[in-house]
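# Coordinates in review
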Amino acid sequence: MGRTTPRSDLLRMYDDLLAAYGPQQWWPADTPTEVVIGAVLTQNTAWTNVEKAIASLRKAGALDLPHIAALDEAELAALIRSAGTFRIKARRLQALARWVVDEHGGDLTRALSGPTAEVRQRLLQLHGVGPETADAILLYAGNHPVFVVDAYARRVLRRHGLLTDAAAYDVVQAYFEQRLPRDAQLFNEYHALLVEVGKRHCRAVARCTGCPLAHWPHNEANT
DNA sequence: TGCCAGGCCGGGT
DNA sequence: ACCCGGCATGGC
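The shown structure was predicted, so the numbers you read here are calculated from the model rather than taken from an experiment. (Residues numbered from 1 in each chain as written. Chains lettered and ligands numbered in written order. Predicted model: local features only at pLDDT ≥ 70, side-chain atom pairs only at ≥ 80, totals over all residues. Heavy atoms only, no water.)

## What about the overall build of chain A?
A count of helical and extended segments in chain A gives 12 helices and zero strands. By the compact-globule yardstick of 17 Å for 223 residues, chain A fits well, its C-alpha radius of gyration being 18 Å. Projected onto its principal axes, the C-alpha positions of chain A cover 60 × 40 × 30 Å. Counting across all 223 residues of chain A, residues that qualify as buried make up 48%. Sequence separation of at least 24 residues holds for 63% of the intrachain contacts in chain A that already meet a minimum separation of 6. Summed over all atoms, the accessible surface of chain A reaches about 11,100 Å², with 50% contributed by carbon and sulfur. (Helix = DSSP H or I, 4+ residues; strand = E, 2+ residues; numbered from the N terminus. Rg over C-alpha atoms; globule rule 2.2 N^0.38 Å. Buried < 20%, exposed > 50% of the residue type's maximum accessible area, 1.4 Å probe, protein only. Contact = heavy atoms within 4.5 Å. Areas by Shrake-Rupley, 256 points an atom, 1.4 Å probe, with all protein chains shown as cover.)

## Remarks on the nonpolar core
Residues L123, F176 and Y190 are the most contacted members of the largest nonpolar core, which totals 75 residues. Not counting chain neighbours up to four residues away, the residues in contact with L123 comprise L96, W99, L112, V129, A134, I137 and L138. (Core = buried A, V, L, I, M, F, W, Y, C linked by side-chain atoms within 4.5 Å.)

## Concerning unusual backbone geometry
Cis rather than trans, the peptide bond between W26 and W27 has omega equal to -10°. Among the secondary structure elements, W27 is positioned in the loop between α1 (9–21) and α2 (32–41). If you check the backbone angles, N44 has positive phi at about 50° while not being a glycine. Along the chain, N44 turns up in the loop between α2 and α3 (47–59). Unusually for a residue other than glycine, N143 sits at a positive phi of about 60°.

## Description of α3
For an α-helix, the turn length of 3.6 residues means that residues three or four places apart are oriented alike. Across its 13 residues, α3 extends 18 Å between first and last C-alpha, which sits within 8% of the 18 Å expected from 1.5 Å per residue. Inspection of α3 places W47, V50, A53, I54 and L57 among the buried residues, and these make up the whole buried set. Down the axis of α3, the sector holding all buried residues measures 110°, keeping them to one side. Residues of α3 that are buried in the fold lie against α2 and α5 (73–79). (Expected span 1.5 Å × (residues − 1). Arc of directions from axis to C-beta.)

## Remarks on the protein's contact with DNA strand B
The environment of DNA strand B is formed by 22 residues, the closest being W26, W27, T133, Y152 and R203. Sugar and phosphate atoms represent 61% of those atoms of DNA strand B found within 4 Å of the protein. Contact between DNA strand B and E132: a phosphate oxygen at 3.4 Å from a main-chain N or O atom of the residue. Within the side chain of R155, one N or O atom sits 3.5 Å away from a phosphate oxygen of DNA strand B. Among the elements of the structure, α9 (131–140) and α10 (151–159) are those that each provide at least two residues to the surface near DNA strand B. (Near = heavy atom within 4 Å. Polar contact = N/O pair within 3.5 Å; in protein donor to acceptor, adjacent residues only side chain to side chain.)

## What to know about the environment of A136
Mapped onto the elements, A136 comes out in helix α9. Judged by its relative accessible area of 3%, A136 is buried. Discounting residues that sit within four places of it in the chain, A136 has contacts with W27, V35, A39, A141 and V148.

## Some words on the protein's contact with DNA strand C
Around DNA strand C, a shell composed of N44, N49, K52, R81, S82, G84, T85, F86, R87 and I88 is seen. Sugar and phosphate atoms represent 75% of those atoms of DNA strand C found within 4 Å of the protein. Here a base oxygen of DNA strand C and a side-chain polar atom of N49 are 3.0 Å apart. One of the backbone nitrogen or oxygen atoms of I88 is found 3.2 Å away from a phosphate oxygen of DNA strand C. Contributions of two or more residues to the surface near DNA strand C are made by α3 and α6 (86–104). Here the surface near DNA strand C takes three residues from α6, the largest share from any one element. For the surface near DNA strand C, the class distribution of residues is two nonpolar, five polar and three charged. (Nonpolar A, V, L, I, M, F, W, Y, C, P; charged D, E, K, R; others polar.)

## Topic: α2
Buried residues dominate α2, accounting for nine of its 10 residues. Among all positions of α2, only T33, E34, V35, V36, I37, G38, A39, V40 and L41 are buried. Residues of α2 that are buried sit in contact with α3, α4 (65–70), α6, α7 (108–111) and α9.

Written out as C-alpha cells, the structure is:
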C-alpha cells in the first residue's frame with residue numbers, strides 16, 4: 001500500500017542512457033521520405049555510407065519516392081553506389097517507392113496510416129522490407145509505437161544478460177514492448193540511445209571504460 | 001589489410 | 001523451422 005511501482009530494469013537502463021547522452025532526436029533524416037530511403041540503404045551498412053548515397057540522390061534531384069519509382073533501375077543503383085549492395089538496394093527502394101506511388105498516389109503519410117499491425121503486415125510483404133526495416137519506417141516515418149530491434153539492441157541486451165542467446169526478432173521486440181509503456185517517443189529515444197551506447201562501447205572490440213551501463217551486470221562471454 | 005557495418009532474400013536441409 | 005551464402009562500398 002502506498003508504494004510506487006518500481007521502474008523496470010529496462011526503464012532504469014533508459015534513465016542511465018538518457019542521463020549520459022541526452023535526447024537523441026532520431027532518426028537522422030529530415031523528412032519521412034528520407035527515413036524510408038535511409039531505412040533500406042542502411043541494411044547491413046554503416047550510416048556514413050548511407051549519408052553519401054542520400055547526398056547523391058539529393059544532388060540528382062531524386063530524393064523522393066515518385067522519382068525513385070520512375071528511375072531506371074541501373075541509374076538508381078549508380079546513384080546509391082556508396083551505400084553498398086547497391087543493385088539489391090535499388091530493387092528494394094523501387095519496390096517500396098512503387099508501393100507508395102501505385103497504391104497511395106505517392107502520399108507516404110497516407111501509405112503509413114491505419115492500424116499499426118495492418119501497415120506492418122503490408123510493409124513486410126514488400127520485397128526487401130524485413131522486420132527491422134518495417135519497424136524503423138513505422139516508428140520514424142509513421143510515428144507508430146513499435147520498438148525497433150537492431151544489432152545494437154541485441155548486443156547491448158545480450159552483453160548485460162537481459163537476453164540470453166540469439167533470440168528471434170519478434171522475441172526481442174516483445175521483450176521491450178511488454179516492459180515499456182507503449183509510447184512512440186519513448187521507443188524512438190530508446191532505440192537511438194541503444195545505438196549510441198552500442199557504437200561507443202559494444203562494438204567488436206568492447207570499450208567498457210566510461211560506459212553508462214558499466215554498473216549493470218556484465219556478461220563477459222557475449223560481446 | 002582484412003574485417004565489419006543500424007538486413008534481407010533465396011535456396012537448401 | 002532453421003542455416004547459409006551472397007550482396008558491396010568505405011572506414012578503421
